[in-house]
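So you can see what is in the structure, the chains are spelled out below.
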Amino acid sequence: MFIRHLVDFNDLSLAEWDILFDTARDIMDNPSKYMKSCEGRIMATLFFEPSTRTMFSFQSAMLRLGGQIIGFSEPKNSSVSKGEVLKDTIKVISGYADIITIRHPLEGAAFAAAQECKDTALINAGDGGHLHPTQTLTDLTTIRMEKGRTDDLTIGMCGDLINGRTVHSLIKAMSHFKNIKFYFISPANLKVPQRLLSMLARKGYEYTETESLEEAIPHLDILYMTRIQRERFTSEEEYNRSKGIYVLNREKLASAKPDMLVMHPLPRVDEISHDVDDDERAVYFKQARYGMYIRMALIYHMLNSPTENVPLPKLTDTDAYCDNPRCITNHEHYLKPMFARVKSHPDIRYCVYCEKQYKN
Amino acid sequence: MFIRHLVDFNDLSLAEWDILFDTARDIMDNPSKYMKSCEGRIMATLFFEPSTRTMFSFQSAMLRLGGQIIGFSEPKNSSVSKGEVLKDTIKVISGYADIITIRHPLEGAAFAAAQECKDTALINAGDGGHLHPTQTLTDLTTIRMEKGRTDDLTIGMCGDLINGRTVHSLIKAMSHFKNIKFYFISPANLKVPQRLLSMLARKGYEYTETESLEEAIPHLDILYMTRIQRERFTSEEEYNRSKGIYVLNREKLASAKPDMLVMHPLPRVDEISHDVDDDERAVYFKQARYGMYIRMALIYHMLNSPTENVPLPKLTDTDAYCDNPRCITNHEHYLKPMFARVKSHPDIRYCVYCEKQYKN
Amino acid sequence: MFIRHLVDFNDLSLAEWDILFDTARDIMDNPSKYMKSCEGRIMATLFFEPSTRTMFSFQSAMLRLGGQIIGFSEPKNSSVSKGEVLKDTIKVISGYADIITIRHPLEGAAFAAAQECKDTALINAGDGGHLHPTQTLTDLTTIRMEKGRTDDLTIGMCGDLINGRTVHSLIKAMSHFKNIKFYFISPANLKVPQRLLSMLARKGYEYTETESLEEAIPHLDILYMTRIQRERFTSEEEYNRSKGIYVLNREKLASAKPDMLVMHPLPRVDEISHDVDDDERAVYFKQARYGMYIRMALIYHMLNSPTENVPLPKLTDTDAYCDNPRCITNHEHYLKPMFARVKSHPDIRYCVYCEKQYKN
């Protein structure tokens, strides 16, 4: 049994991740074997906010499986402009398409959409700052293809670590593997949130926080770079002081291990200088290509394996509502709020849509 | 012989409607039989105004027949932005595509476009407030699939009945079937146009006009809901007084027959409350899906059956021009106006493009 | 060996042009033979500026070969809006697609993009005012299909001849064939650039410059019309005086040879009046269709023949940069300027990207 919908990376078991990886590798080795495996099936790419790279990756994946595509690439091309609610869009599109990939600016949108997909598969292609599971699949695939393993690694993450959805998801994912060491490289005001650090501590993972990329780089098997948006800095001086520090160039790369991987979710702006591109350690363009293959594997299984819904967590009976203004429940008024409790901390409630946490 | 172009629902004979319906049902039962029936053919979806729902329905239909798609979803993506006339766009696209679906804000645009399609099939996907034949096909298909018949029915239409292109077309279509009773439910200022009422009277159909949905609902086999745009109301008070009246909710539904169908062309805004969605009488989402199947049947026959042009009506020799500002002839200056006479009222002339009528 | 990338029409040898033409004709005669010749391959249409006609022509071509499409039709739908450089877009997309067609507002963009495509084919679909090789292929195909030859022809070019990329490219292309006579018909301020006239003189081609379409038309085997943009005229009076002169209508056509071809790259505005469309000499709509077939031939060979890169010209060692503000090198800062020397005039250097020329 495979999952019917992929909303959160954690919806996947490690066993399912292994299946996906093996399938992705088989597709790379024998593309023709899969060329018609989704023939006659349609994918709808519903992008309520633009993200060309992600959209193209999904579309290429579906087309290379013999499937077809419908969709829009920004809200104003959707019926939303006519004031249609998400539920209706999903209900109608699920009558046309066999699988939906949804990208939405609001947190919990993909979860809400999945509730309306009885027999249609759905993949979360990013819901606001919340989740982006296929990016995490892409990152893990790159690591496993290039390193041959996902255990026994020292991984450095550099840039904006407080807002980075991609980084948070990768930290959680890596915390399922054995003997992982973390280096978190960021300005003081952009450090990894405390709850993630506690999670690592609780699970017994070793991590180091530093403001210096130079200092960390020699220790790393993997350097995961992300962008720091100018507006994140507390002041212009702060920005000018910091910006150079978090840019990877040939000079800094010189002190890295000869087999270290340089990864980046892309698009980059100037956090990696172009003279690094030709270094064989720079795998960020390969990474994008691996993303297509792992999405092929995902789509292949969702459309060709028997699937079942991911069970809802045990809901706490409460009349509360979620006060996160970016939560889908505050924008789609027919949605009824749902809360559950964190297994490890039963005193903490969280919104099942956007996962914002509340003390009891 | 099948029609080469579908501009107006009335271009179809009842025999052709039967063929389409039977084909649609066969496609639902044996999709694989049709999976490659349009292989190697291309549909161009030329949407000079956005309408995602309609576009996706046509695209899904073509793709499920094994065909392919090119097109644009709004004028600014077309060459129109370079000041190109409709004729040139159609001439060029008909050199690339085997079938064109056109959506245009001006009345008569699809008719004008069809005149430039010698061997290419063309389907009107909506020309301004004028015609939208595949919506009517969708509505009839839903009725026949869900009721098993299109005769002996009492149908209520609720909302804005004066401006509703969809409603007018459905009234005309139902007036081809036996023993149909109509309930027209609307505010006084949004009633069905007199010429349609006279047509029904002349053909001997029974109809009732009312302002109360509650009053009408117990009599109905079908309730066809449409939206009332706020700006249609004569005043803010009028709006606030009326708006609740024309909203369908569980409470009003309670007094309806157990097998009444609730239909809606979609998108809805608040004219049907969400608590109605789970009632099995609510078929508006199914309706969208039937729309895809009947469009598959239509495309299938236009591309696989021998086809011929719908003959022009006998033109009256006149140098008049059409004074309807929304008529395509007032925007595409190379078009020569054409007029014909209403069969039942030879004293009435009408524009062959937008069908505006003139006394003698 | 076929070229891996088509950036400039001159990248093609005349032998390759013959192969393309023969293939295009074979495709027209036996479309089913090619229907699956690109099955499983993906074309990315990267349109950094809109050009629906060109995009549809490429998309139809790829789809009719059994291939598939991804892409965007304007920059704001691309990742450019996130500040991504062209190099990164190309690197990533070349991981998804087998062939890229690029349309870009800057000169040299296609050349720059091709440098990043190791194994992916790339076609220039127009780089600013610079090159548009498949338009030239379209024009030559039309001439050869309709005239049965590309030698022994008198060709007139009318309109804006100083800015017309299409016209310049066609002049260069025709100058490879035997016994071609040219008539250049334009206002005084919009005449063919001197360097093209010198090139023709040097190669011994006869040409006539005139301001009168009437005067030239009786001599022509081919009349190639182009638009004159209102803003090109030096003054409003100048515009009003000239505009009629360069409009082709039935009256002027009366004095043309019975087998003269009227060609136009489209879209037209009013430089050809609609009463000309039905004249069998008007081949501009056919021309658009030939464009699809020659693009099919091009894509077919780039994806099915063994290919190799077009060699770079011998670079002059210089630290100069190109001062053309529309040159891609002034917008993508990681690009290093490259210069070479004009074979016929070794004292002239030119930018390898935008081809702007410099003395010594």
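Reference entry: report on the structure contained in this document. (Residues numbered from 1 in each chain as written. Chains lettered and ligands numbered in written order. Predicted model: local features only at pLDDT ≥ 70, side-chain atom pairs only at ≥ 80, totals over all residues. Heavy atoms only, no water.)

### Focus: the overall build of chain A
Counting secondary structure elements, chain A contains twelve helices and 15 strands. Against the 2.2 N^0.38 benchmark of 21 Å for 360 residues, chain A shows a C-alpha radius of gyration of 20 Å, consistent with a compact globule. Based on the C-alpha atoms only, the size of chain A along its principal axes is roughly 55 × 55 × 40 Å. Classification of the 360 residues of chain A by burial places 62% in the buried group. Once local pairs closer than 6 in sequence are excluded, the contacts in chain A between residues at least 24 apart make up 71%. (Helix = DSSP H or I, 4+ residues; strand = E, 2+ residues; numbered from the N terminus. Rg over C-alpha atoms; globule rule 2.2 N^0.38 Å. Buried < 20%, exposed > 50% of the residue type's maximum accessible area, 1.4 Å probe, protein only. Contact = heavy atoms within 4.5 Å.)

### Regarding the interface of chain C and chain B
Contact residues are listed per partner, giving 27 residues for chain C and 26 residues for chain B. At the boundary of chain C with chain B, total buried surface from both sides reaches about 2,300 Å², with 53% on carbon and sulfur atoms. Remark: the boundary between chain C and chain B carries five salt bridges. Across the pair Glu-39 of chain B and Lys-36 of chain C runs a salt bridge whose closest N-O atoms are separated by 3.3 Å. (Buried area = accessible area lost by both parts, 1.4 Å probe. Salt bridge = Lys/Arg side-chain N within 4 Å of Asp/Glu carboxyl O.)

### Observations concerning helix α6 (residues 133–147) of chain A
Residue and element names in this part refer to chain A. The first and last C-alpha atoms of α6 sit 21 Å apart over 15 residues, in line with the 21 Å expected at 1.5 Å per residue. Here α6 lies mainly inside the structure; 13 of its 15 residues are buried. Just downstream of α6, Gly-148 is the residue with a positive phi angle, here 80°. (Expected span 1.5 Å × (residues − 1).)

### What about the relation of the copies chain C and chain A?
Under the fitted operation, chain C is carried onto chain A by 0.0 Å of movement along the axis and a turn of 120°, and the coordinates agree to an RMSD of 0.0 Å. With respect to symmetry, the two chain copies, as superposed, fit the operation of a three-fold axis. The rotation axis passes nearest to the C-alpha of Gln-68 of chain C in chain C, at a distance of 5.1 Å. The fraction of interface residues of chain C whose copies in chain A are also interface residues is only 4%, indicating that the copies meet through different surfaces. (Least-squares fit on C-alpha atoms with pLDDT ≥ 70 in both.)

### Digging into unusual backbone geometry
Excluding glycine, most residues fall at negative phi; most peptide bonds, likewise, are trans. In the segment running from Leu-266 of chain A into Pro-267 of chain A, the intervening peptide bond is cis, with an omega of -5°. You can see Pro-267 of chain A is positioned in the loop between β11 (261–263) and α12 (284–304). Here Asn-179 of chain B, not a glycine, exhibits a phi torsion of approximately 55°, which is positive. Looking at where Asn-179 of chain B falls in the secondary structure, it is placed in the loop between α7 (165–174) and β8 (180–185). In this structure, Asp-152 of chain C is a non-glycine residue whose phi angle is positive, near 50°. By the secondary structure assignment, Asp-152 of chain C is in the loop between α6 (133–147) and β7 (153–158).

### Some thoughts on the sheet that holds strand β3 (residues 42–47) of chain C
All names here are of chain C. Judged by pairing direction, the sheet is parallel, and its five strands sit side by side in the order β2-β6-β5-β3-β4 without closing on themselves. At either end of the open sheet lies a strand with only one pairing partner, and these are β2 (5–6) and β4 (68–72). The sheet contact formed by β3 and strand β5 (residues 99–104) spans five bridges and is parallel. Across the sheet, Leu-46 pairs through a bridge with Ile-102, a residue of β5. (Pairing = 2+ DSSP bridges.)

### Let's talk about the interface of chain C and chain A
Frequently, the measure chosen for interface size is the accessible area that the parts lose on association. On the side of chain A, 27 residues touch chain C, which itself brings 26 residues to the contact. Each partner contributes to the roughly 2,300 Å² buried at the junction of chain C and chain A, and carbon and sulfur atoms together form 53% of this total. Here chain C is connected to chain A by five salt bridges. The shortest N-O distance in the salt bridge between Arg-64 of chain A and Asp-98 of chain C comes to 3.1 Å. Seen at the junction of chain C and chain A, the total is nine residue pairs in polar contact (both at pLDDT 80 or more). Of all the secondary structure elements, the ones that give two or more residues to the side of chain C that touches chain A are β3, β4 and α4 (86–96) of chain C. Grouping the constituent residues of the side of chain C that touches chain A by class yields eleven nonpolar, seven polar and eight charged. (Polar contact = N/O pair within 3.5 Å; in protein donor to acceptor, adjacent residues only side chain to side chain. Nonpolar A, V, L, I, M, F, W, Y, C, P; charged D, E, K, R; others polar.)

### Some thoughts on the pairing of strand β14 (residues 345–351) of chain A
Residue and element names in this part refer to chain A. Two elements, strand β13 (residues 339–342) and β14, share four bridges in a ladder whose sense is antiparallel. Bridging from a neighbouring strand, Val-342 pairs with His-345 of β14. Counting the residues that bridge the hairpin from β13 to β14 gives two residues. Across three bridges, the pairing between β14 and strand β15 (residues 357–359) is antiparallel. Note on β15: the bridge partner recorded for Arg-349 is Tyr-358. A loop of five residues connects β14 with β15, the two strands running antiparallel in sequence, and Glu-355 in this loop sits at a positive phi of about 65°.

### Re the packing of α12 of chain A against α4 of chain C
The contact between α12 of chain A and α4 of chain C brings their axes to 9 Å, and the two run at 35°. The two elements α12 of chain A and α4 of chain C cross, and the hand of that crossing is right-handed. The segment α12 of chain A lies against α4 of chain C, with Phe-285, Ala-288, Arg-289 and Met-292 of chain A engaging Asp-88, Lys-91, Val-92, Gly-95 and Tyr-96 of chain C. Partitioned by chemical class, the residues of the contact of α12 of chain A with α4 of chain C number five nonpolar, one polar and three charged. (Axes fitted to C-alpha atoms, helices over the stretch in contact; angles between N-to-C directions. Left-handed = near helix turned anticlockwise from the far one by under 90°.)

### Details of the relation of the copies chain C and chain B
With an RMSD of 0.0 Å, chain C superimposes on chain B once it is rotated by 120° and translated 0.0 Å along the axis. A different interface surface on each copy is seen, since only 4% of the contact residues of chain C are contact residues in chain B too.

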